[in-house]
Amino acid sequence: MASSTSGPTIAFESIDGPPPQVFDRMVGVLDSESKLRTLSIVSREGTAAYRVRGYLAAEVSHGRTTIAWVWDVYDQNQQRALRLSGEEPAGKASRDAWAAADDLVLRKIAQAGLSGLSSMINGTPVPDAPSPPPAPSRRGPAVASADDLQALAYTSH
């Protein structure tokens, strides 16, 4: 993948998880979607402002396949700048769960990931990012239930 638009450059270090035929189709979809968004995708051997490590997993539950994805975006200092993730329903399960990862599913993943990446680069809020929690009321003690604690997670940057 290499496009010649202006702006910060992006290199995909890896896309782990899918078999070779799905990987190859994903690379093609990312290339076409990046051109539509005028994002500068460069070879991973080159210098880039951002580097992306992608992960895909095919999950089957109750006879339906879902493709889960994660993109970790790193800056030039090798610090994680952003984590994007999602799940795309891919249809009925078959012997090979990856068979459900058609071009439409891969395009939706590419669109969501590149939209989030573009938002970060342009300094706009990431689409579908959760809203910050409301400020706590100062009228009493803060109390957390067990349900609240399950929602807490640690992510290093």
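Up top is the structure.
None of the values given here were measured: they were computed from a predicted structure.

Calculation notes
Residues numbered from 1 in each chain as written. Predicted model: local features only at pLDDT ≥ 70, side-chain atom pairs only at ≥ 80, totals over all residues. Heavy atoms only, no water. Phe/Tyr/Trp six-rings, centres within 6.5 Å; stacked < 30°, edge-to-face > 60°. Helix = DSSP H or I, 4+ residues; strand = E, 2+ residues; numbered from the N terminus. Buried < 20%, exposed > 50% of the residue type's maximum accessible area, 1.4 Å probe, protein only. Core = buried A, V, L, I, M, F, W, Y, C linked by side-chain atoms within 4.5 Å.

Chemist: I would appreciate a short explanation of the packing of aromatic side chains in the present structure.
Modeler: Geometry of an aromatic ring pair is reported as the spacing of the ring centres plus the angle between the planes. Applying the stated criterion to the full structure yields 2 aromatic pairs. For the ring pair Phe12 and Trp71, a centre distance of 5.2 Å and an interplane angle of 85° mean the geometry is edge-to-face. A residue pair is termed long-range when its members are at least 10 positions apart, and Phe12 in strand S1 (residues 9-16) and Trp71 in strand S4 (residues 64-74) qualify at 59 residues. Relative accessible area serves as the criterion here: at 10%, Phe12 is assigned to the buried category. For Trp71, a relative accessible area of 3% gives the class buried. Ring plane angle 65° and centroid distance 5.8 Å describe the contact between Trp69 and Trp71, whose orientation is recorded as edge-to-face.

Chemist: Can you walk me through the nonpolar core in this structure?
Modeler: Inside soluble globular proteins, nonpolar side chains tend to come together where they are buried. Counting residues in hydrophobic clusters, the biggest one holds 30 residues, and the most contacted among them are Ile10, Phe12, Met26, Leu30, Leu56, Ile67 and Trp71. Elements that contribute at least two residues to this core include exactly S1, helix H1 (20-36), strand S3 (50-61), S4, strand S5 (80-92) and helix H2 (103-122). Counting residues per element, this core draws most heavily on H2, at 7 residues.

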